[in-house]
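Topology and contacts: notes
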Amino acid sequence: MTPSDGYLLDNQHAEAAERFDAFAHLFDPTTFRHIEGLGAMAGRRCWEVGAGGTSVVSWLAQRVGPTGQVVATDIDTSRLAAAARPPVEVRVHDVSAEEPPGEGFDLVHARLVLVHVPDREKALGSMIEALRPGGWLLVEDADPALQPLTCPDEYGPEQRLANRLRQGFRSLLAERGADLAYGRRLPRLLREAGLREVHADAYFPMTSPACTALESATVRQIRDRLVAAGLATDQEIDQHLANVESGAMDLTTAPMISAWGRKA
């Protein structure tokens, strides 16, 4: 898959940087907590799959130190340039179509990646293959079908409009092959792949500046697709963006489910 091959939220859009910043504020504390729970990282080799932005890559680089390595891959590495210095190696790579960028990794991590990947089974197998015996896989992915609403408290026309646009967004994702119920399957998939000590949890952020920023950036990035598909009008999108900008709405993201396990 190439960046322009149907992916709805590619890194080339102007709003991508805003989305990455929002993801960092929303999800980095959860990601970092999980990785820290897997043991000391100094000197470790890590593969960050579908890195997108730099926040997790830079944090991992600090943890592994000069004797470790972080291989950061994505189909579009244009926003990883700032992190491309030792111990970080940046590579253009498609996890669902290419061999792993090495082997013997102590940690392989992917966040909000596999839900969008055409061949998720192959990608997951590739990530596990790249681990050393005893290495950890941490996969964190959204489950939009588990909680499909932007505004769970739908008490007025602003909330109803927001939820209708979210439904349109989900339709566009599904048309492009996204699995909107993937997150909930992660624990089972890791066990079936032979990983041990499998655990999982979920994080569901509500009502924060980062939720607001993410909603605004996402809708602006996909507005042309929403209009072209007949899912919303320009006037409705402008109204929704104004409602979001007012700061009076309780906005959510889809729950992020984190699952991790150790290779035998």
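Above this text is the structure in question.
About the criteria used
Residues numbered from 1 in each chain as written. Predicted model: local features only at pLDDT ≥ 70, side-chain atom pairs only at ≥ 80, totals over all residues. Heavy atoms only, no water. Helix = DSSP H or I, 4+ residues; strand = E, 2+ residues; numbered from the N terminus. Buried < 20%, exposed > 50% of the residue type's maximum accessible area, 1.4 Å probe, protein only. Pairing = 2+ DSSP bridges. Right-handed = clockwise from strand over helix to strand, strands pointing away. Core = buried A, V, L, I, M, F, W, Y, C linked by side-chain atoms within 4.5 Å. Contact = heavy atoms within 4.5 Å. Salt bridge = Lys/Arg side-chain N within 4 Å of Asp/Glu carboxyl O. Axes fitted to C-alpha atoms, helices over the stretch in contact; angles between N-to-C directions. Parallel < 35°, antiparallel > 145°, perpendicular 65-115°, else oblique. Left-handed = near helix turned anticlockwise from the far one by under 90°. Nonpolar A, V, L, I, M, F, W, Y, C, P; charged D, E, K, R; others polar. Expected span 1.5 Å × (residues − 1).

Once that is clear, we can look at unusual backbone geometry. A cis amide bond, omega 10°, links P86 with the succeeding residue P87. Checked against the element boundaries, P87 lands in the loop between strand 2 (69-74) and strand 3 (88-92). If you check the backbone angles, E197 has positive phi at about 55° while not being a glycine. Mapped onto the elements, E197 comes out in strand 6 (residues 196-203). Taking the relative accessible area as the measure of exposure, E197 reaches 45% and is therefore partly exposed.

Counting buried residues along strand 2, 5 of its 6 residues qualify, which places the element largely inside the surrounding structure. Relative to strand 2, strand 1 (residues 45-49) is paired through 5 bridges, and the arrangement is parallel. If you follow W47 over to strand 2, its bridge partner there is V71. Running through helix 2 (residues 55-64), the crossover from strand 1 to the neighbouring parallel element strand 2 is right-handed. With 5 bridges connecting them, strand 2 and strand 3 associate as parallel partners. Along strand 3, the bridge assignment pairs A72 with V90.

In terms of nonpolar packing, the biggest core is built from 25 residues, with W47, V108, L114, L124, M127 and L137 touching the most fellow members. No other element matches the 4 residues that helix 3 (residues 120-129) contributes to this core. With near-sequence residues (within four places) excluded, L137 lies in contact with V108, L124, M127, I128, L131, L190, L195, A259, W260 and G261. One finds F32, A72, L107 and L138 within the second-largest nonpolar core, a separate group that totals 21 residues.

The next thing to look at is the pattern of salt bridges. Taken as a whole, this structure holds 17 salt bridges when the rule is applied. In this structure, the salt-bridge partner of D28 is R111, at a minimum N-O distance of 2.9 Å. Pair noted here: D28 is in helix 1 (residues 16-36) and R111 is in strand 4 (residues 105-111), with a separation of 83 residues, a long-range link. In this pair, the class of D28 matches that of R111, namely buried. A salt bridge links D201 to R33; the shortest N-O distance between them is 3.6 Å. In this pair, D201 sits in strand 6 while R33 sits in helix 1, placing the two residues 168 residues apart along the sequence. When salt bridges that share partners are traced, they join E15, E18 and R220 into one network.

Looking now at the packing of helix 1 against helix 2. At a closest axis distance of 10 Å, the pairing of helix 1 and helix 2 adopts a crossing angle of 30°. As the angle between them shows, helix 1 and helix 2 are arranged roughly parallel. Here the hand of the crossing between helix 1 and helix 2 comes out right-handed. In this structure, helix 1 uses A24, D28, T31, F32, I35 and E36 to contact helix 2, whose residues at the interface are S55, V56, W59, L60 and R63. Split into classes, the residues belonging to the contact of helix 1 with helix 2 amount to 6 nonpolar, 2 polar and 3 charged.

The end-to-end C-alpha distance of helix 4 (residues 157-175), which contains 19 residues, comes to 27 Å, matching closely the 27 Å that a straight helix rising 1.5 Å per residue would cover. Of all the residues in helix 4, the buried ones are Q159, L161, A162, N163, L165, R166, G168, F169, L172 and L173. Close packing links the buried residues of helix 4 with helix 6 (209-228) and helix 7 (234-245). G177 lies just past helix 4 and shows a positive phi near 95°.

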